[in-house]
Amino acid sequence: MFTWGGLTACPDKGNPVSDDGLSREKSAEAIVPISTPKDGRDGKGRTSETTLRSLKASTMTSQRKRLQSYLKGRGLEVLGTDGAGAVEMRNSWGALNVPDLMDKVLDKENFNEAVQRVVANRGAPGVDGMSASELPAFVEQNWERIYRSLRMGRYRPSPVRRVRIPKPDGGERELGVPTLLDRAVQQAIAQVLTPIYEPLFSDNSYGFRPNRSAHQAVLAMKQHYLDGYTWAVDIDLSKYFDTLNHELLMNIIRRDVHDETLLVTIKAFLKSGVMEDGVVLETERGSPQGGNLSPLLANIYLNEFDMLLEKRGHRFCRYADDILILVRSERAAERVMSSSRDFLENTMKLKVNQVKSTVAPLPGLKFLGFTILDITPRNKERMVKIAIHPKSLKRFKDRVRSILRERSHLPIKDTMRYFTTYVRGWLGYYALSEVMSTIHKLTKWSRRKLRARLWSQ
């Protein structure tokens, strides 16, 4: 038995069902009964749990129409309705598989966990100015209204607040800051969808996934190199998060998510718009960086490319939109670059940065701040090590100089606190480097700069 938006579909018991739960008969009957709404209030005048449950029943008519339209496009023939209001249909695929995921999103335990995570992140306010500390009380006071709007598919997210931050290599990165409530709703949806999509994602994808990290991607890169895949196809996607095709993304999600109410809500977030200088602009494509759901949607979108690479037997590492494909020869690398660019631009509707995308030997190429160092000292064995890329070293030194210069007017304790936080975080990430002499040199250099700052007081 499967449910969708409060509707229940019962496959014909006479049909054989395979191991995955789907009937394989070419024709099967399914009956969708419509439940009777119940309501009531408790002794304190509050809406009871029965009333909240009846919200689903109050939308049965519209959901039944959406269900019929949805099924017609997926090989299901709607035969009509009986006197009790049930929908009778002929299913050419087998048993109806439309689980009601919105109930899981709106489960109070799941939603409370989402609120706690948003509060713990202590993010900046959105366009409404609500702070993280105000969110729990707001949700508690307005839970019935939030529940109703999400349950009926009528939740309308606020526009995201546009923020621009400088990129290390020049230019600006555009971020979208949703309101705290929108972030909580997105987080609640992500918590439900992540267990569905995790088994479907490639093992070569490392970005924004549970129990995966950039360090694992770099270690995998080294192993591929040791296995003889010494040429790299480095693909840079131009403004990836801002160029996701909405219709293509929704069609991909519909393969595995069949709750129409949840699909409508996800699309509402994609179309929520951007507020910049007090003006709301429509968003026809992209998923703003800064939303809790955006990383998952980005992985779902690029998983199509991952599956293509796996089908062709390629070795690759992907961390969000950082893509590195490893092959054995320059000729193979050129061929893979051409076919990959064609698929990403023509099929996935993305933009490949022709200037930054390159084909080159892996040693010396920058990936997630690291590179591969392949050396053979005189009279010694060959050594292959993970090293910090020179550009990352330069960026570190520029940042340290900037911290000490910009905070020269502050008390030395404040400067040291900020300086120490940055250096420790940087060294914590780049501790993966196997060239320890570089780390020691940077540590000495940083201490020397800090002493110069102290003496200038």
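Parameters at a glance
- Residues numbered from 1 in each chain as written.
- Predicted model: local features only at pLDDT ≥ 70, side-chain atom pairs only at ≥ 80, totals over all residues.
- Heavy atoms only, no water.
- Axes fitted to C-alpha atoms, helices over the stretch in contact; angles between N-to-C directions.
- Helix = DSSP H or I, 4+ residues; strand = E, 2+ residues; numbered from the N terminus.
- Parallel < 35°, antiparallel > 145°, perpendicular 65-115°, else oblique.
- Contact = heavy atoms within 4.5 Å.
- Nonpolar A, V, L, I, M, F, W, Y, C, P; charged D, E, K, R; others polar.
- Patch = residues over 30% accessible without salt bridge, like charges linked within 9 Å, V, L, I, M, F, W, Y side chains within 5 Å.
- Areas by Shrake-Rupley, 256 points an atom, 1.4 Å probe, with all protein chains shown as cover.
- Salt bridge = Lys/Arg side-chain N within 4 Å of Asp/Glu carboxyl O.
- Pairing = 2+ DSSP bridges.
- Polar contact = N/O pair within 3.5 Å; in protein donor to acceptor, adjacent residues only side chain to side chain.

J.: For this particular structure, what's the right way to read the packing of helix α9 (residues 246–254) against helix α11 (residues 294–311)?
T.: A pair of packed helices can be characterised by two numbers: the angle between their axes and the separation between those axes. Their axes nearest at 10 Å, the elements α9 and α11 cross at an angle of 85°. Considering their axes alone, α9 and α11 lie roughly perpendicular with respect to each other. Contacts between α9 and α11 involve Leu 248, Leu 249, Ile 252 and Ile 253 from the first element and Leu 297, Ile 300, Tyr 301 and Glu 304 from the second. Within the contact of α9 with α11, the residues separate by chemical class into seven nonpolar, no polar and one charged.

J.: I keep staring at a nonpolar patch on the surface and nothing clicks. Help me out?
T.: Taken together, the side chains of Met 416, Leu 454 and Trp 455 make up a nonpolar region of the molecular surface, amounting to roughly 340 Å² of accessible area. Within the secondary structure, Met 416 sits in helix α14 (residues 412–430).

J.: Mind showing me how you'd approach the sheet that holds strand β8 (residues 231–236) here?
T.: Sheet strands associate in pairs through backbone hydrogen bonding, adopting either a parallel or an antiparallel arrangement. The four strands are arranged β11-β12-β8-β13 in an open sheet whose pairing can be described as antiparallel. Two strands bound the open sheet, and with one partner strand each, they are β11 (315–319) and β13 (358–361). Going from strand to strand, the sheet's axes swing by 20° on average, the running direction of each strand aside. Against the sheet, helix α8 (residues 214–226) makes contact with β11 and β12 (322–327), and its axis sits at roughly 160° relative to β11, the strand it touches most. Contacts from helix α12 (residues 330–347) reach β8, β12 and β13, with the element oriented near 20° to β8.

J.: How should the side chain of Ser 392 be read in this particular structure?
T.: Along the chain, the position of Ser 392 falls in helix α13 (residues 390–406). Among the polar contacts made by the side chain of Ser 392, one reaches the main-chain carbonyl oxygen of Gly 369 at a distance of 3.0 Å. Apart from the residues lying within four places of it in its own chain, the contact partners of Ser 392 are Lys 366, Gly 369, Trp 426 and Tyr 430.

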